[in-house]
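# What the coordinates show
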Amino acid sequence: MPIAKRFLILTLLLYFSHAVNAIASPRPLSDRAMRVWTTDDGLPHNSINHISQDSRGYLWISTWEGPVRFNGRNFLLYFDEVGVPDPGTLFIGENPYTREIVSTGARGGVAYFRHSSDGGHWRSSPRVYNRVDFALFTSPSCTWFGTVSSGVVRECDGQRTTFDSQAGLPSDAVLQLSQDASDRVWAGTDRGIAYFDAAQQRFVGLAALPKGYSFGIVPAQDGFIYATVDRQVFQIEPESLLVTPWPVTYPSTITELYQSADGVIWVGTHEHGLTTLTREPPQMTSVENGLPNNHILSIFMDREGILWVGTHRGLIQFRAAQFHSHRNEDGLGYDYVRALTELPDGSVLVGGLGGVKRITDEVIEPYATTSNVASESVLSFATDAQQRLYVGTFTNGLYVLKNEQELVHYDETSNFSEGNYRDLVIARDGYLYAATSIGVMRSKMNPDGTLEPPDYLNKQSGLPDEIIYALHEANNGDLWIGSMRGLSVFRDGKVERVDLSSVSDAEFIFGFHEDLERLYVTSDRGLLVYTKSTEQWQLFDSDNGFPVIKFFDVVRDNNGDLWLASGRGLLFINNDEFERALFDDNPTTPIASSFYKGFHGLASAQINTGGPAMLVTSSDELWVATSRGVGHYLPQQSSQIKQTPPRPVIEKVAVDGQAITPNTYLSANAGRIEFYFAGLGYHYPEGIAYRAMLAGYDEDWYSVPLDRLSVAYTELPPGAFIFEIQAAYPDGTWSDAATFTFHKLPTLWQRPMYWFAVAVGLCIAVFLIIRLRVYNLARSKARLQELVREQTASLQQLAHQDSLTKLANRRAFDELLKHKIRQHDGHSTLALVLMDLDHFKAVNDRYLHTTGDKVLQRIARVLSDSARDCDMIARWGGEEFAILISTIKSTDVPAFAERLRETIRATDMHELVADFNITASFGVAILQSDETAASLIRRADKALYQAKAQGRDCVIMSTD
């Protein structure tokens, strides 16, 4: 062989070898969380023909029902508004030059969508023959369309040129279009591949390529072009067009070839799912691994590194997540996992309702044993110091293994419990303890690992219940026991009940964890923490902000972070946060936490009970047993996701139901303004947090409920406003804000000129009112003075009148008495009569005070009727009355008083006091010369006292 030829071959081989090595090693899909959307989740059709992402971050999906825009939460189908003969789409993508979304359809329709603040608008163009399967954007002015019956149509500046089999295409049925680094256009057809020769203005085929279906042409990052024909991939050197068959043949026709941004080339097939392009035999991800359908229609990786796959049975997402789940379809062989333990080589042993498997470096392996335990329903594991493995099962007793070989199997035939070994503890006292449904089994361990016949701790031993969920040997040798009816401890050969009533009404005790300072206990009422130094219990539950309170297991990892397993997810609490809560005197202190669920990568959020259900390995890795496999926490992926927030977009703004654009001036009567938004992140869109603020109205950011993608304001005041929305993944950093500016005009009464006019009018009105007021005041002054005089007289009357009897009161009587005495000339008679109703207290006691008041009013009328006009009568106080007599002879005074007594005695009051006669006693004093009012009153009062003493109902004259 000539030297030059050998050198050329060697050069090509070296280049070829370098190119092969340049292809990035694919990351196994089993490392990624998988999620499927179908018509049950809002997809309009389950066939996903094409997937792309626009520059804003929206995913666009081609379906037979029309183009669909996906924001992670909602699928928005465009139908009639697209304006094409048939809205069903085969291709959708953003033109990188115009930023328009281009959709091609089943009847040759081509439509263009442009985003806008009011939701966006479609426009259609004339049909491109029949069905258009692909569009390629090669320049700002040129787009190429691949049709299934008319070849390739090139549209440049609105002018269309058709290239079909007469122009060099292998077939008029075009399935794929692509452009290489030299701007050369390639076309894949149902009869092979050709490239466009710009000089000849025709397509040219490659003789080295076979005829067949070509759905994939990828100008790869390594400089080569990879093209598919039927079940094969071919590598094409772009300069020499040298064709090299790839050394792998795929099990069915390749329907999609796609290179993601990380350099991996993905291969989708017609009947066997998808894989990556490597030189090794293909490891297919298919329905056996959870795909809903093996026919791959489209593959796409978005800007977050999430892989999207379209099939005939829905949209599939493969993404990095905080948790990686190993499921039945990943090779575990079963879903329901109950027990985990670490083996000496660092691998994790998994037990569940289907046997035992080993996971080494994320690879599921069989547990190499001939024992039947490999297929038993396993509930618990324990390992002794000699690395013997003890396996508790659900229905078939207890196994002991060494180096994966069975040493002994215990069941009911050897006096052991037949099953329900929920937890195992190999204690320092040389016993194996097992949690069973008939109590705590206890068996002495022999040096060779075998067990002596067991005995049981049960109700007779002091346990509150015999259904035991969890066991834990404390650092001091105590055995803690969790049952269906509370917590107990076995120490010094005795079972002691632990009274938790002072902190909790918990009954179901599911799990334990211990560190140097505390014991942690999970229950049906929250997390119980026992501090050894103080012997005090604390409870943490919903009062502290926990989303659930029923926890099955608890661990603290090597960082001191707390993990709590529940039937609805996994609760995480940072070490510093939990330590703060432990020392907070407030038992309801809020505790910040993260709650991991299905969308965080756990195939199921249901963490099971088991022995144990959570495991922190020696390398500080967390593993959890769930109802759909075993979950593995990947902290590096968690931190990466949190650091890259989703981009928020404001999808639409509507005022009273009508869409508006930015910088709109709203009328003064605008009522409700609503902002619709989304965070365009797809790792777990349901968990994206939002906070909003309306600058000019809100003083600070406020949180938006997770189930809402809109906020509304009503009756805003006039002014300029900026609406801002931010998004973040749970516990992640906040994104930059998406904003929307608008203005609201004031009403007429809110404008300055209006208020100026109002002020002027008010000034004039005030002036006129003052003038009128001055006039009215002058007129009213006299009237007011008259009213004052009248009121004064009325008040004076009220001040001198008894309100009950309408007689003068004592104050008025005293003033008149003093006045009369001052005016007395000594020639006329002035007498004072004091009268007191006899036994009047009995009237009040027997007939109540209301009747007594009526009697007093009757007596007052009798006295008024009996006295002369010149006499003054007053109510002296209570049932006492006073009469001042003038212009009378002194000899007539006793007769006057006697006449009053008889009149009162004769007054009929039976309608008021049926069986009671009203009488009165009288004391009379005649004014002496130079006598004072006080002396006159004292003498009359003394005479009244004598009348009372002599039997009442009489008149006594003062003799002093």
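Residues numbered from 1 in each chain as written. Predicted model: local features only at pLDDT ≥ 70, side-chain atom pairs only at ≥ 80, totals over all residues. Heavy atoms only, no water.

## A short note on the overall build of the chain
Across its full length, the chain holds eight helices and 69 strands. When its C-alpha atoms are laid out on the principal axes, the chain stretches across 175 × 95 × 45 Å. Burial status across the chain gives 53% buried among its 960 residues. Taking the intrachain contacts of the chain between residues at least 6 apart in sequence as the baseline, contacts between residues at least 24 apart amount to 53%. On the chain, roughly 43500 Å² of surface is accessible, and the fraction owed to carbon and sulfur atoms is 50%. When the 85 basic and 115 acidic side-chain charges of the chain are each reduced to a single mean position, those positions are 9 Å apart. (Helix = DSSP H or I, 4+ residues; strand = E, 2+ residues; numbered from the N terminus. Buried < 20%, exposed > 50% of the residue type's maximum accessible area, 1.4 Å probe, protein only. Contact = heavy atoms within 4.5 Å. Areas by Shrake-Rupley, 256 points an atom, 1.4 Å probe, with all protein chains shown as cover. Lys, Arg positive; Asp, Glu negative; His and termini not counted. Charge placed at Lys NZ, Arg CZ, Asp CG, Glu CD.)

## Examining the pattern of salt bridges
Inspection of the entire model under this criterion finds 42 salt bridges. The residue Arg114 makes a salt bridge to Glu100 at a minimum N-O spacing of 3.6 Å. Here Arg114, found in strand β8 (residues 110-114), pairs with Glu100, found in the loop between β6 (89-94) and β7 (101-105); they are 14 residues apart in sequence, far enough to count as distant. With relative accessibility at 9%, the residue Glu100 sits in the buried group. (Salt bridge = Lys/Arg side-chain N within 4 Å of Asp/Glu carboxyl O.)

## Observations regarding a nonpolar patch on the surface
On the surface, a nonpolar cluster with roughly 660 Å² of combined accessible area is contributed by Met753, Phe756, Val760, Ile764, Phe767 and Leu768. Inspection of the secondary structure assignment puts Ile764 in helix α4 (residues 752-799). (Patch = residues over 30% accessible without salt bridge, like charges linked within 9 Å, V, L, I, M, F, W, Y side chains within 5 Å.)

## Overview of the sheet that holds strand β61 (residues 702-704)
The five strands lie next to each other as β58-β64-β63-β60-β61, forming an open sheet whose pairing is mixed. Each edge of the open sheet carries a strand with a single partner, namely β58 (664-666) and β61. Here the strands of the sheet are splayed against their neighbours by 30° on average, with no regard to which way each runs. Bridging between β58 and strand β64 (residues 738-744) involves three bridges; their strand directions are parallel. The residue of β64 that forms the bridge with Thr664 is Phe742. (Pairing = 2+ DSSP bridges. Axes fitted to C-alpha atoms, helices over the stretch in contact; angles between N-to-C directions.)

## Comments concerning the packing of aromatic side chains
Applying the stated criterion across every chain yields a total of 54 aromatic pairs. Centre to centre, the rings of Phe91 and Phe134 are 5.0 Å apart; their planes meet at 50°, and the pair counts as tilted. On the criterion of sequence distance, the pair formed by Phe91 in strand β6 and Phe134 in strand β10 (residues 132-139) is long-range, its members being 43 residues apart. Of the two residues, Phe91 and Phe134, both sit in the buried class. For the pair Trp480 and Tyr530, a centre-to-centre distance of 6.2 Å together with 50° between the ring planes defines the contact as tilted. Within this pair, whereas Trp480 is found in strand β42 (residues 479-483), its partner Tyr530 is found in strand β47 (residues 526-531), the two being separated by 50 residues in sequence. Each member of the aromatic cluster is reached from another via a ring pair, and the members are Phe675, Tyr697, Tyr713, Phe721, Phe723, Phe740 and Phe742. For Arg69, the ring lying beneath its charged end belongs to Tyr58, and the centroid distance is 4.1 Å. Across from the ring centre of Phe896, 5.9 Å away, lies the NZ or CZ of Arg868, which sits over that ring. (Phe/Tyr/Trp six-rings, centres within 6.5 Å; stacked < 30°, edge-to-face > 60°. Lys NZ or Arg CZ within 6 Å of the ring centre and 35° of its normal.)

## Some words on the UniProt feature "transmembrane region" (unreviewed entry) in the chain
The positions that UniProt labels "transmembrane region" (unreviewed entry) are, in the present scheme, residues 753-774. The span residues 753-774 is 100% helix and 0% strand, and its two end C-alpha atoms sit 32 Å from each other. (UniProt positions renumbered as here; feature names shortened; annotations may be inferred.)

## A word on the nonpolar core
Looking at soluble globular proteins, one finds that nonpolar side chains tend to be buried together. Among the nonpolar cores identified, the biggest contains 40 residues, and Leu274, Leu307, Trp308 and Leu315 are the most heavily contacted of them. Looking at this core, the elements that each hand over two or more residues are β3 (59-63), β4 (66-70), β8, β25 (296-301), β26 (307-311), β27 (314-319) and β59 (672-680). Considering each element in turn, this core owes the most residues, four residues, to β25. Counting contributing residues, this core receives three or more from each of domain 1 (48-260) and domain 2 (654-747). Sequence-distant contacts of Trp308, that is, excluding residues within four places in its chain, are made with Trp37, Ile51, Leu59, Phe70, Ser298, Ile299, Phe300, Asp302, Leu315, Ile316, Gln317 and Tyr682. Counting 34 residues, the second-largest nonpolar core is a separate cluster that includes Val843, Val862, Ile873 and Ile885. (Core = buried A, V, L, I, M, F, W, Y, C linked by side-chain atoms within 4.5 Å. Domains from an automatic or database assignment.)

## What to know about the packing of helix α5 (residues 810-823) against helix α8 (residues 933-949)
With their axes 10 Å apart at the nearest point, α5 and α8 run at an angle of 115° to one another. Considering their axes alone, α5 and α8 lie roughly perpendicular with respect to each other. Note on element contacts: α8 touches α5 through Ala933, Leu936 and Ile937, opposite Asp814, Leu817, Lys818 and Ile821. Per-class residue counts for the contact of α5 with α8 are five nonpolar, no polar and two charged. (Parallel < 35°, antiparallel > 145°, perpendicular 65-115°, else oblique. Nonpolar A, V, L, I, M, F, W, Y, C, P; charged D, E, K, R; others polar.)

## Details of the environment of Phe145
Tracing the backbone through its elements, the reader meets Phe145 in strand β11 (residues 142-147). With relative accessibility at 0%, the residue Phe145 sits in the buried group. Once the C-alpha coordinates of Phe145 and Val132 are considered, the two residues, 13 residues apart in sequence, prove to be 6.6 Å apart.

## Notes on the sheet that holds β4
Here four strands make up an open sheet; going across it, the order is β2-β3-β4-β5 and the pairing antiparallel. Every other strand in the sheet has two partners, leaving β2 (50-53) and β5 (75-77) as the edge strands with one partner each. Between one strand axis and the next, the sheet turns through 25° on average, direction left out of account. With four bridges joining them, β2 and β3 adopt antiparallel strand pairing. By the bridge assignment, Ser52 is partnered in β3 with Trp60.

## Observations regarding the domain arrangement of the chain
For the chain, the assigned domains read domain 1 (48-260), domain 2 (654-747), domain 3 (751-798) and domain 4 (810-938). Computed from C-alpha atoms alone, the centre-to-centre distance between domain 2 and domain 4 is 87 Å.

## A few points about the side chain of Asp302
Relative to the elements of secondary structure, Asp302 occurs in the loop between β25 and β26. For Asp302, which is buried and forms no salt bridge, the nearest opposite charge comes from Arg32, at a distance of 7.7 Å. Only 2.9 Å separates the side chain of Asp302 from the side chain of Trp308, close enough to count as a polar contact. With sequence-adjacent residues up to four places away left out, Asp302 is seen in contact with Gln53, Leu59, Trp308 and Tyr682. (Polar contact = N/O pair within 3.5 Å; in protein donor to acceptor, adjacent residues only side chain to side chain.)

## Notes on the packing of helix α6 (residues 840-866) against helix α7 (residues 893-906)
Close contact between α6 and α7 brings their axes to 10 Å; oriented N to C, the two are set at 140°. With respect to each other, α6 and α7 are oriented oblique. As α6 packs across α7, the resulting crossing turns out to be right-handed. Contacts from Ile859, Val862, Leu863 and Ser866 of α6 reach α7 at Leu900, Thr903 and Ile904. In terms of residue class, the contact of α6 with α7 is made up of five nonpolar, two polar and no charged. (Left-handed = near helix turned anticlockwise from the far one by under 90°.)

## Looking at the environment of Asn74
Among the secondary structure elements, Asn74 is positioned in the loop between β4 and β5. Setting aside its immediate chain neighbours within four residues, Asn74 contacts Arg69 and Leu709.

## Considering the side chain of Ser178
Following the sequence through the fold, Ser178 ends up in strand β14 (residues 174-179). Within polar-contact distance, the side chain of Ser178 engages the backbone oxygen of Ile217 at 3.4 Å. In contact with Ser178, other than residues within four places in its own chain, are Leu136, Arg184, Val185, Trp186, Ile217 and Pro219.

## Examining the pairing of strand β63 (residues 719-728)
Counting buried residues along β63, seven of its ten residues qualify, which places the element largely inside the surrounding structure. In this structure, strand β60 (residues 689-695) lies alongside β63, joined through seven bridges in antiparallel fashion. By the bridge assignment, Arg691 is partnered in β63 with Gln726. Across seven bridges, β63 lies against β64 in antiparallel orientation. Across the sheet, the residue bridging to Ile722 is Thr741, located in β64.

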